[in-house]
Amino acid sequence: METEKLYYQDPYLTTFTAKVLTCEPAKTGFLVTLDRTAFYPEGGGQPADHGTLGAAAVTDVHEKDGVIFHTCDAPVETGAAVEGSIDWPRRFDHMQQHSGEHILSGLLCSLYDCDNVGFHLGADTVTIDYNLELTWEQVLEAERRANETIWADTPVEITFPSPEALEQLHYRSKKELTGQVRIVTFPGADCCACCGTHVRRAGEVGLIKVLSCQKFREGVRMEILCGQRAYRYLSQVYDQDHAVAQLLSVKPQDTLAAVERQNAELTAAKQRMTELEDQLFSLRAQALTGLGDVLLVEPPMRPDGARKLADAVAKAAGGLAAVFSGEGNSHVYALVQADGGDITPLVKRLNAALSGRGGGRNGFAQGSVQADGSAIRAFFHKEGME
């Protein structure tokens, strides 16, 4: 016997009573069937409702051949009447996300002649796939119109047209449908075959915000937030922007310009630091002219600093330049042999002795070691190099 679907009669119903028809043990708990239910089963990209049946928690819901199966964490008495309670915040969130997706997809498909070919209502965001490449400007135009639809707050229409009426109706559907078809209409925005739960009026969606639009297969994948999710996200973004503005001593609407200015200053400072570092390396190398093999253990420097210093020292000293940069038990290294000779055996011994990783060829090697300065000096002392 098919389960009576109360969620279609009233998607705002949060409590109900029903007769328990079966309760069977399962891998994930107990599978319970009822004569009627307000629990929406997972389907069409929308997750299942959660809640309780009596004292048992409902953790999943699915449908098979018209029968709704409730996965519960405890058994319920077969033949008894049980009270069901829907996790309303979860249900309403899903209604906001799903209804918002309909509004946006309907407008995108009508504006740009594309199709929605994928929909997933996730725990954090909603993802939608379209079979046409869209520009960010096109997406923002659809987002603007979608929010205007929300502000108009028109009633949502849910109908089950006759086969004859359905043939005359222009509606969206991902596949060919047979039998009774449920049509969900957001006037001015969308008309679509859908089995999900939706808000009564467009205004209850609250807000639609598109987060991203990336190329995916032959079209794009879009990430959106609706309702409370969009509000929370934009509030977090504002709080972050406000904090950044305080650090930069500007108004929140001026943070981009302030960051661009600071980035330009930082780029100039890095360039000047590089020039000064190169001058310093040159002076240090000159002081080591003709000394042959040289070991230097230096404080932390820029990622390519050890290599640049080793190059300069090897040319001036005329031997092997071993430069280590870091602090504590963590150092990066660069080894340069002035004549380009093979230093592979030395690098292998170095890595083995100092818990190192790295290598190279043609008289050059770089890597890192897990050792302090004294251990590094002790290793090269044994190698006959101070």
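A quick note: this is a predicted structure, and the numbers were derived from the prediction, not measured.

Now for the sheet that holds strand β17 (residues 318–327). The strand order across the open sheet formed by 5 strands is β16-β17-β18-β20-β19, and the pairing between neighbours is mixed. Because the sheet does not close on itself, it has two edges, and the strands there are β16 (292–298) and β19 (357–361). Averaged over all pairs of adjacent strands, the angle between their axes in this sheet comes to 10°, without regard to strand direction. Sheet topology note: the β19/strand β20 (residues 364–369) ladder contains 5 bridges and is antiparallel. Residue Gly359 lies in a different strand from β20, and its bridge partner there is Gln366. In the packing of helix α7 (residues 305–317) onto the sheet, the strands contacted are β16, β17, β18 (330–337) and β20, and the crossing angle to β17 comes to about 155°. Set on the sheet, helix α9 (residues 373–382) makes contact with β16, β17, β18 and β20; between it and β16 the angle comes to about 170°.

Here the focus is unusual backbone geometry. Positive phi, normally seen in glycine, also occurs at Asp65, with a value near 55°. Examined against the element boundaries, Asp65 turns out to sit in the loop between β6 (56–64) and β7 (67–72). A positive phi angle is found at Arg217, which is not glycine, with a value near 50°. Within the secondary structure, Arg217 is located in the loop between β14 (208–216) and β15 (219–226).

Roughly 1100 Å³ of internal volume is contained in the largest pocket. Contributing to the lining of the largest pocket are 34 residues, with Arg172, Ser173, Lys174, Ala193 and Cys194 lying nearest its centre. Residue assignment for the lining of the largest pocket shows that the elements contributing at least two residues are α2 (88–112), β9 (116–121) and β13 (190–193). By residue number, the principal contributor to the lining of the largest pocket is α2, which donates 6 residues. Taken together, the residues of the lining of the largest pocket sort by class into 15 nonpolar, 11 polar and 8 charged.

Checked against the element boundaries, Ile150 lands in helix α3 (residues 136–152). The buried category is assigned to Ile150, whose relative accessible area is 3%. Distance in space between the C-alpha atoms of Ile150 and Glu204 is 7.6 Å, their sequence separation being 54 residues. Excluding residues that lie within four positions of it along the chain, Ile150 makes contacts with Ile103, Ala202, Gly203, Val205, Gly206, Leu207 and Ile208.

Two side chains bearing opposite charge may form a pair once their charged atoms approach each other closely. Counted under the stated rule, the structure contains 20 salt bridges. The salt bridge involving Lys215 is made with Glu133; its shortest N-O contact spans 2.9 Å. With Lys215 in strand β14 and Glu133 in the loop between β10 (126–130) and α3, this residue pair connects regions lying 82 residues apart in the sequence. The same class applies to Lys215 and to Glu133, which are both exposed. Where Glu141 meets Arg144, a salt bridge forms, and the shortest distance between an N and an O atom there is 2.6 Å. In this pair, Glu141 and Arg144 are both assigned in helix α3, 3 residues apart and thus about one turn of the helix distant.

Taken together, Tyr233, Leu234 and Val237 make up a surface patch of nonpolar side chains, about 220 Å² in accessible area. Within the secondary structure, Tyr233 sits in helix α5 (residues 227–248). You can call Tyr233 partly exposed: its relative accessible area is 32%.

Let us look at the sheet that holds β9. One open sheet accounts for 4 strands, arranged β9-β10-β15-β14; its pairing is antiparallel. Sheet topology places β9 and β14 at the edges, where each strand pairs with a single neighbour. Each strand axis lies, on average, 20° off the axis of its neighbour in the sheet, ignoring direction. Relative to β10, β9 runs antiparallel, the two being bridged by 5 bridges. For Phe119, the partnering residue across the bridge sits in β10 and is Ile128.

Looking now at the packing of aromatic side chains. Counting across every chain of the model gives 8 aromatic pairs. When the ring of Phe379 is compared with that of Phe380, the centres are 5.1 Å apart and the planes differ by 85°; the resulting orientation is edge-to-face. Ring pairs connect the aromatic residues Phe324, Tyr333, Phe379 and Phe380, which therefore count as one cluster. Between the NZ or CZ atom of Arg200 and the centre of the ring of Tyr12, over which it lies, the distance is 3.7 Å. Lying over the aromatic face of Phe216, Arg221 brings its terminal NZ or CZ to 3.9 Å of the ring centre.

Scoring rules and cut-offs
- Residues numbered from 1 in each chain as written.
- Predicted model: local features only at pLDDT ≥ 70, side-chain atom pairs only at ≥ 80, totals over all residues.
- Heavy atoms only, no water.
- Pairing = 2+ DSSP bridges.
- Helix = DSSP H or I, 4+ residues; strand = E, 2+ residues; numbered from the N terminus.
- Axes fitted to C-alpha atoms, helices over the stretch in contact; angles between N-to-C directions.
- Contact = heavy atoms within 4.5 Å.
- 1 Å grid on protein atoms, 1.4 Å probe; cavity = no way out; pocket = protein on both sides within 12 Å on 5 of 7 lines; lining within 4 Å.
- Points joined across faces, edges and corners; volume = space filled by probe spheres on them.
- Nonpolar A, V, L, I, M, F, W, Y, C, P; charged D, E, K, R; others polar.
- Buried < 20%, exposed > 50% of the residue type's maximum accessible area, 1.4 Å probe, protein only.
- Salt bridge = Lys/Arg side-chain N within 4 Å of Asp/Glu carboxyl O.
- Patch = residues over 30% accessible without salt bridge, like charges linked within 9 Å, V, L, I, M, F, W, Y side chains within 5 Å.
- Areas by Shrake-Rupley, 256 points an atom, 1.4 Å probe, with all protein chains shown as cover.
- Phe/Tyr/Trp six-rings, centres within 6.5 Å; stacked < 30°, edge-to-face > 60°.
- Lys NZ or Arg CZ within 6 Å of the ring centre and 35° of its normal.

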